[in-house]
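Results of the structural survey
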Amino acid sequence: MKKAMSLNRKISRRRENAKLASLAENPRNIRVAIDQMREGLVLHEQRRIEAALVRYQSALTHHPRFAEAYHAKGIALRDLGKFEAALESLGTAVILKPDHVNAHLNTGEIHYSLGRYGEAAKFLQNAIRLDPDNIEAYNRLGQCLHKQFLFPQAVRA
């Protein structure tokens, strides 16, 4: 019985992955996702965060592997004070696009604001590795290290 359920889950997961892949391969879906993303960014800039979030989610419905939309969604969730959901969305952006500097930086910022300085430092170090000229990442990393009483490293950062 357990093997049958496991097999059914595998089949279901494969079907879902195939569905997601076919969505992403459709050029029309990608265009719609980009349009939804742009609309979301305009709404976000206008501080209409809930409306922006709807657009970001729509972009992800049309293109489920759109790292930029996950990043924008994470920022919107952060702005709404939904930090754990924001971290989940930003984490997906990092998984989909490991070289996304701002996803690393913003994840580090949220961990810092939650008092998770060690976790924040990891993401900030990744941001610095990806963009060695990122002053904001160095500054926040120094603050994280200071909070952990790692004074010499904080000064270097």
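Here the structure is shown first, and the text comes after it.
In this report, the structure presented in the accompanying data block is examined. Everything numeric in this text was worked out from a predicted model, so none of it was measured. (Residues numbered from 1 in each chain as written. Predicted model: local features only at pLDDT ≥ 70, side-chain atom pairs only at ≥ 80, totals over all residues. Heavy atoms only, no water.)

What to know about the overall build of the protein chain
Rule in force here: The helix count covers DSSP runs of H or I at least four residues long, the strand count covers runs of E at least two residues long, and both are numbered beginning at the N terminus. Under the scheme applied here, a residue whose accessible area is under 20% of the maximum for its type counts as buried, over 50% as exposed, and between as partly exposed, the area being computed with a 1.4 Å probe on protein chains only. In what follows, residue pairs with any heavy atoms lying within 4.5 Å of each other are defined as contacts.
Scanning the protein chain from terminus to terminus reveals nine helices and zero strands. Sequence-ordered secondary structure for the protein chain, helices as α and strands as β, is α-α-α-α-α-α-α-α-α. Within the protein chain, the fraction of its 157 residues that count as buried is 39%. Restricting the contact set of the protein chain to residue pairs at least 6 apart, pairs at least 24 apart contribute 46%.

Quick look at the nonpolar core
The criterion, for reference: In this text, buried Ala, Val, Leu, Ile, Met, Phe, Trp, Tyr and Cys residues form a nonpolar core when linked through side-chain atoms within 4.5 Å.
Residues Met37, Tyr56, Ala59, Phe66 and Ala69 are the most contacted members of the largest nonpolar core, which totals 23 residues. For this core, the secondary structure elements donating two or more residues are α2 (27–45), α3 (49–62), α4 (67–79), α5 (83–96) and α6 (101–113). In contact with Met37, other than residues within four places in its own chain, are Tyr56, Ala59, Phe66, Glu68, Ala69 and Ala72. Ranked by size, the runner-up nonpolar core spans twelve residues in total, among them Val101, Leu105, Ala121 and Ala127.

Focus on the side chain of Ser89
With respect to the element layout, Ser89 can be found in helix α5. When sequence neighbours within four positions are dropped, the list of residues in contact with Ser89 reads Tyr70, Lys73, Gly74 and Leu77.

Topic: unusual backbone geometry
Positive phi, close to 65 degrees, is recorded for Arg47, a residue that is not glycine. In this fold, Arg47 is placed in the loop between α2 and α3. Residue Arg47 is classed as exposed on the basis of its relative accessible area, which comes to 56%.

Quick look at the packing of α6 against helix α8 (residues 135–147)
Threshold: Axes here mean lines fitted to C-alpha atoms, for a helix over just the part in contact, with angles spanning 0 to 180 degrees between N-to-C directions. Under this scheme an angle from 65 to 115 degrees is roughly perpendicular, one under 35 degrees roughly parallel, and one over 145 degrees roughly antiparallel; angles in between are oblique. Note on convention: near helix rotated counterclockwise from far helix by under a right angle means a left-handed crossing. Clockwise means right-handed. Here the nonpolar group is Ala, Val, Leu, Ile, Met, Phe, Trp, Tyr, Cys and Pro; Asp, Glu, Lys and Arg are the charged ones; every other residue, Gly included, is treated as polar.
Interaxial distance between α6 and α8 falls to 11 Å at its minimum, and their mutual angle equals 30 degrees. Between α6 and α8, the angle is such that the two are roughly parallel. In this structure, α6 crosses over α8, and the sense of that crossing is left-handed. Facing α6, whose interface residues are Leu105, Glu109 and Tyr112, α8 presents Glu136, Ala137, Arg140, Gln143, Cys144 and Lys147. In the contact of α6 with α8, the residues fall into four nonpolar, one polar and four charged.

A look at the environment of His62
Heads up, the condition is: Identification of polar contacts relies on pairs of N or O atoms within 3.5 Å, with a donor-acceptor requirement for protein atoms, meaning one able to donate a hydrogen and the other able to accept it, and with residues adjacent in sequence counted only if both atoms are side-chain atoms.
Mapped onto the elements, His62 comes out in helix α3. Residue His62 is classed as partly exposed on the basis of its relative accessible area, which comes to 22%. Residues His62 and Ala33, spaced 29 residues apart in sequence, show a C-alpha to C-alpha distance of 5.4 Å. A polar atom in the side chain of His62 sits 2.9 Å from the backbone oxygen of Ser58.

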